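The primary structure of each chain is shown beneath.
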Amino acid sequence: GAGVSQSPSNKVTEKGKDVELRCDPISGHTALYWYRQSLGQGLEFLIYFQGNSAPDKSGLPSDRFSAERTGGSVSTLTIQRTQQEDSAVYLCASSLDKWNIQYFGAGTRLSVL
Amino acid sequence: EDKVVQSPLSLVVHEGDTVTLNCSYEVTNFRSLLWYKQEKKAPTFLFMLTSSGIEKKSGRLSSILDKKELFSILNITATQTGDSAIYLCAVEEYGGSQGNLIFGKGTKLSVKP
């Protein structure tokens with residue numbers, strides 16, 4: 001694909017509901033990252049996938065957050081029992097491998113009411 | 001504590017002005033420093049710097065790294081309204097647990113006509 005694609009671009013949900021955010025990386029990129037950007041904050045690392053290796057989950061803020069990457073391509077970030085503090089822009093990035101430039105998608109703006 | 005600190009946090013200039021954005025860092029196993037421009041949502045890659053004293057240049061933008069003093073600057077000459085964006089600095093660290101990019105909070109640049 002031409003770039004990293006994320007969907008939906010905007011998501012409004014009620015507190016307590018589960019949400020799924022999708023990321024389609026650049027074709028051929030083995031590394032995929034999820035970040036969260038809250039208002040006035042820098043990008044906060046959430047999780048990293050590299051090929052078929054076990055993901056680096058060290059940035060996930062709680063056990064309500066999980067992610068998977070099927071077939072080494074598309075990734076889904078799931079937030080269970082959403083809270084208002086989960087409201088943020090969720091950005092996905094991919095790179096050719098771990099030590100290459102990360103290219104970002106346009107993100108999903110999540111609003112939890 | 002913040003490992004990557006950007007200054008100023010926001011800046012307002014007029015078209016034609018020259019601006020300098022600062023990024024200082026403190027990481028143990030430095031690999032590289034990256035600059036991104038974020039308009040709306042998707043950060044777009046500008047520069048990757050690995051060696052001290054070598055200027056990277058692209059049009060009106062340039063950047064340089066000082067590995068002894070642990071900082072980088074991003075210069076924009078003859079600013080245009082299209083330069084209005086958040087400029088993000090990120091440091092790549094070997095063996096880090098935060099994926100491999102640690103971001104600063106960004107500098108919000110507003111260029112007035």
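Residues numbered from 1 in each chain as written. Chains lettered and ligands numbered in written order. Predicted model: local features only at pLDDT ≥ 70, side-chain atom pairs only at ≥ 80, totals over all residues. Heavy atoms only, no water.

Here we take up the pattern of salt bridges. All names here are of chain B. Within this structure, the stated rule accounts for 7 salt bridges over all chains. The partner of Arg60 in a salt bridge is Asp83, and the shortest N-O contact between them spans 2.8 Å. Here Arg60, found in the loop between strand E6 (56-58) and strand E7 (61-66), pairs with Asp83, found in the loop between strand E8 (71-76) and strand E9 (85-93); they are 23 residues apart in sequence, far enough to count as distant. Assessed through its relative accessible area of 24%, Arg60 is described here as partly exposed. Judged by its relative accessible area of 4%, Asp83 falls in the buried class. (Salt bridge = Lys/Arg side-chain N within 4 Å of Asp/Glu carboxyl O. Helix = DSSP H or I, 4+ residues; strand = E, 2+ residues; numbered from the N terminus. Buried < 20%, exposed > 50% of the residue type's maximum accessible area, 1.4 Å probe, protein only.)

Let us now look at the sheet that holds strand E7 (residues 75-79) of chain A. Hydrogen bonds between backbone groups are what pair the strands of a sheet, and the pairing can be parallel or antiparallel. Residues and elements named next belong to chain A. Read from one edge to the other, the open sheet built from 4 strands follows the order E1-E3-E7-E6, with strand pairing classed as antiparallel. Unpaired on one side and paired on the other, strand E1 (5-7) and strand E6 (65-69) mark the two borders of the sheet. Neighbouring strand axes in the sheet, compared pairwise and without regard to direction, differ in orientation by 15° on average. (Pairing = 2+ DSSP bridges. Axes fitted to C-alpha atoms, helices over the stretch in contact; angles between N-to-C directions.)

Cis peptide bonds are those with omega within 30 degrees of zero, and the linkage from Ser7 of chain A to Pro8 of chain A qualifies with -10°. When you line up the elements, Pro8 of chain A lands in the loop between E1 and strand E2 (10-13). The amide bond that connects Ser7 of chain B to the next residue, Pro8 of chain B, takes the cis arrangement and shows omega of -10°. Note that Pro8 of chain B resides in the loop between strand E1 (4-7) and strand E2 (10-14). One non-glycine residue with positive phi stands out, namely Leu70 of chain B, at about 60°. On the secondary structure map, Leu70 of chain B appears in the loop between E7 and E8.

What follows deals with the interface of chain A and chain B. Taken residue by residue, the interface counts 24 residues in chain A and 21 residues in chain B. Ranking the residues of chain A by area buried against chain B places Trp99, Ile101 and Phe104 of chain A at the top, with a combined share of 33%. Linking chain A with chain B are 0 salt bridges. Joining chain A to chain B, the criterion identifies 3 residue pairs in polar contact (both at pLDDT 80 or more). (Contact = heavy atoms within 4.5 Å. Buried area = accessible area lost by both parts, 1.4 Å probe. Polar contact = N/O pair within 3.5 Å; in protein donor to acceptor, adjacent residues only side chain to side chain.)

So, on to the nonpolar core. In this structure, Tyr25, Leu33 and Trp35 of chain B are the most contacted members of the largest nonpolar core, which totals 23 residues. If you look at the next biggest cluster of nonpolar residues, it comprises 20 residues, including Leu46, Leu60, Phe65 and Ala67 of chain A. (Core = buried A, V, L, I, M, F, W, Y, C linked by side-chain atoms within 4.5 Å.)

Time to look at the sheet that holds E8 of chain B. Residues and elements named next belong to chain B. If you trace the 5 strands from one edge of the open sheet to the other, you get E1-E3-E8-E7-E6, paired in antiparallel fashion. Every other strand in the sheet has two partners, leaving E1 and E6 as the edge strands with one partner each. Ignoring strand direction, the axes of neighbouring strands in this sheet form an average angle of 15°. Two elements, strand E3 (residues 19-25) and E8, share 6 bridges in a ladder whose sense is antiparallel. Each bridged residue has a counterpart across the sheet, and for Ser24 the counterpart in E8 is Phe71.

What is shown is where atoms sit, not what they do.
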